[in-house]
Amino acid sequence: MTNPLYDTLFKQHQGKTTVFLELADGTVFTHRDFLELAAKYAHVFTQLGVKPGERVAVQIEKSPQALAIYAACVQAGIVFLPLNTAYTADEVSYFVENSGARVVLCDGKRSEALAPIAKASGALLETMHSDGSGSFAVRAEAMASAFSTVERSEDDLAAFLYTSGTTGRSKGAMLSQGNLLSNCKALVTEWAFTSDDVLLHALPIFHTHGLFVATNIALLADSKIIFMPKFDVDVIIAQMPRATTMMGVPTFYTRLLDDKRFTKELAQHMRLFISGSAPLLAETHVQFEKRTGHRILERYGMTETNMNTSNPYTGERRAGTVGFPLPGVEVKITDSKTGATLPQGEIGEIEVRGPNVFKGYWQMPEKTAEELREDGFFITGDLGQIDEDGYLHIVGRNKDLIISGGYNIYPKEIELLLDEVDGVLESAVVGVPHPDFGETVVGILVAEADAQLDLDAIQKNIVTSLARFKHPQKLIVVPELPRNTMGKVQKKALREQYKGLFT
Ligand code: ATP
Ligand code: MG
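Residues numbered from 1 in each chain as written. Chains lettered and ligands numbered in written order. Predicted model: local features only at pLDDT ≥ 70, side-chain atom pairs only at ≥ 80, totals over all residues. Heavy atoms only, no water.

**Student:** An account of the sheet that holds strand 18 (residues 378-386) is needed here, citing residue identities and associated values.
**Tutor:** Read from one edge of the open sheet, four strands run 16-17-18-19, paired in antiparallel fashion. Two strands bound the open sheet, and with one partner strand each, they are strand 16 (330-334) and strand 19 (392-397). Each neighbouring strand pair of the sheet contributes to a mean axis angle of 45°, computed without reference to strand direction. Strand direction decides the pairing type here: strand 18 and strand 19, joined by five bridges, are antiparallel. When the bridges of strand 19 are listed, Q385 appears paired with H393. (Pairing = 2+ DSSP bridges. Helix = DSSP H or I, 4+ residues; strand = E, 2+ residues; numbered from the N terminus. Axes fitted to C-alpha atoms, helices over the stretch in contact; angles between N-to-C directions.)

**Student:** Give me the lowdown on the site of ligand 1, citing residues and values where you can.
**Tutor:** Taken together, 21 residues are adjacent to ligand 1, and G165, T166, T167, T303 and D382 come closest. For ligand 1, a nitrogen atom lies 2.8 Å from a polar atom in the backbone of R299. Within the side chain of T303, a nitrogen or oxygen atom sits 2.5 Å from an oxygen atom of ligand 1. Protein coverage of the free-state accessible area of ligand 1, which is 630 Å², stands at 95%. Counting residues per element, the ones that place at least two in the shell around ligand 1 are strand 13 (297-302) and strand 19. The element best represented in the shell around ligand 1 is strand 13, accounting for five residues. The residue makeup of the shell around ligand 1, split by class, is six nonpolar, nine polar and six charged. (Near = heavy atom within 4 Å. Polar contact = N/O pair within 3.5 Å; in protein donor to acceptor, adjacent residues only side chain to side chain. Areas by Shrake-Rupley, 256 points an atom, 1.4 Å probe, with all protein chains shown as cover. Nonpolar A, V, L, I, M, F, W, Y, C, P; charged D, E, K, R; others polar.)

**Student:** Explain the pairing of strand 10 (residues 224-227) residue by residue, including any values.
**Tutor:** Alignment of strand 1 (residues 19-23) against strand 10, held across three bridges, turns out to be parallel. Residue pairing across strands places L23 opposite F227, the latter belonging to strand 10. Relative to strand 10, strand 9 (residues 198-201) runs parallel, the two being bridged by four bridges. Counted as the bridge partner of H201 is F227 from strand 10. Chirality of the crossover, the property in question, places the unit of strand 9, helix 8 (residues 208-221) and strand 10 among those that are right-handed. (Right-handed = clockwise from strand over helix to strand, strands pointing away.)

**Student:** Please provide a residue-by-residue account of the pattern of salt bridges, values included.
**Tutor:** Tallying each qualifying case throughout the model produces 23 salt bridges. For E22, the salt bridge goes to R242, with nearest N and O atoms at 2.3 Å. In this pair, E22 sits in strand 1 while R242 sits in the loop between helix 9 (233-239) and strand 11 (245-248), placing the two residues 220 residues apart along the sequence. On the accessibility criterion, R242 (36% relative accessible area) is partly exposed. (Salt bridge = Lys/Arg side-chain N within 4 Å of Asp/Glu carboxyl O. Buried < 20%, exposed > 50% of the residue type's maximum accessible area, 1.4 Å probe, protein only.)

**Student:** Please provide a residue-by-residue account of helix 5 (residues 111-120), values included.
**Tutor:** Of the residues making up helix 5, those classed as buried are S111, L114, I117 and A118. Mapping the buried residues of helix 5 onto a view down its axis gives an arc of 125°, with all of them on the same face. Facing away from the buried surface of helix 5 by more than 90 degrees, the exposed residues are E112, P116, K119 and A120. Turning to helix 5, the residues buried within the fold contact strand 3 (55-59), helix 4 (89-99), strand 5 (103-106) and strand 6 (124-127). (Arc of directions from axis to C-beta. Contact = heavy atoms within 4.5 Å.)

**Student:** Give me the sheet that holds strand 2 (residues 28-30): which residues, what numbers.
**Tutor:** The strand order 2-1-10-9-11-12-13-14-15 describes an open sheet built from nine strands, whose pairing is mixed. Two strands in the sheet have a free side with no partner beyond their single neighbour: strand 2 and strand 15 (324-325). Where strand 12 (residues 272-275) lies against strand 13, two bridges are found, and the strand directions are parallel. Opposite S275, over in strand 13, you have E298 as the bridge partner. Sheet strands touched by helix 8: strand 1, strand 9, strand 10, strand 11, strand 13 and strand 14 (306-310). Its angle to strand 11, the strand with the most contacts, is close to 160°.

**Student:** Lay out the side chain of T244 with the relevant residues and their values.
**Tutor:** Structurally, T244 can be placed in the loop between helix 9 and strand 11. Residue classification places T244 among the buried residues on the basis of a relative accessible area of 15%.

See the structure below:
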């Protein structure tokens, strides 16, 4: 019997009394504790009638038990479908119905709101609270702590992960065992993870970053995880002396830099800081290195593909870039209209191909056909360029491209100029409807603490560096940019908010 994902990530740890997860309060889960729990959970799913290949939708708080649900699904051959804990009942209803989940596992606090939703799509509702208790745990108590692993192949689906919904409705990406396995193998090698590593884990586990990148790597490399329910700067600072690596979204790093307790000494023995899910400002790179002597390693990935590119572990980590394709992954830059590969240096669609690329969007054959070419290249929806040394630069999303008077405008070019203005902390440039130009440029700025921004002066200053059609028609100061839990700026929301400025 084989189950490649289970056998590679989990089986090697069976019976081991070494620590896998350590919580901030000192509680530990050994590998054995964790796998026995997962086996009990796998029995519960089987008893509830969930068959291999069927889906289990999970909207629960991050906990060791929640992570064991992932392991249980892999062992029982069930497709794991984690959902953002921030989703409302209405939103969850779409995912449950769309995925045809057999079981909905939710926090007790949500059960009243989700019960009718589960019922409407014929799914069973079970609860798991943030401490791991609930109806599911009660069922698990009586179960055996060993489960005979369900046979799977690399082509079988392991998870449905819904995309973050930054550019439109979330899509269910079907990820196979082989997708997940190939990626974590590549990353363990690239980032040199070993059993000596201790990973600070403060990311959510409903998203590819915290779930697959962080967890699968630690399992494969036999690293220990310091497992925190969320990012809390006090806890991170308290735990850092015991860790060797951290994975985070850019906001983790800016929040650490905002804290005076985050010093060179505190980060001294850390081996590696990794960032992704949203662009890391070049400024954050510089400040971080100044403060700690470490250069953050930035990588690029997405729900549909896991990770695609990474700055090098040894070698120059170039700020503002996401590095080189991972082993086995091909990256090309193509013309959005024709699909033809563009000469080096030109801006175009980033396309990727490799064993990491998903099997398609669940029940969206047209969308899949639009984005996944027959030759296996996935059109990411991100625009980028490859510099002369081969580093990939992301210049923004295709859907954020502004077309004004027939000209293409890449928001990032303007954002970089705005970010450099004294007193500007960060910026977002979006296109809004305009009666003459179709769309025009609006710059949204966040000021540094205590800074007063002179918008007329900024406007005069930056226009000297920009062709006329790229000039922002309006600059607006806001206290902060709208971001989701992964630190992604919600440009869709900004466009919506300012759509009436010129019409
Ligand atoms: P949706 O596809 O539903 O609109 P989404 O693309 O934000 O949402 P995710 O799969 O969570 O959903 O995010 C992947 C995207 O995140 C990438 O396509 C890219 O735009 C962005 N991203 C990831 N890493 C980086 C990075 N290092 N720099 C810049 N952008 C990044
Ligand atoms: Mg996307």
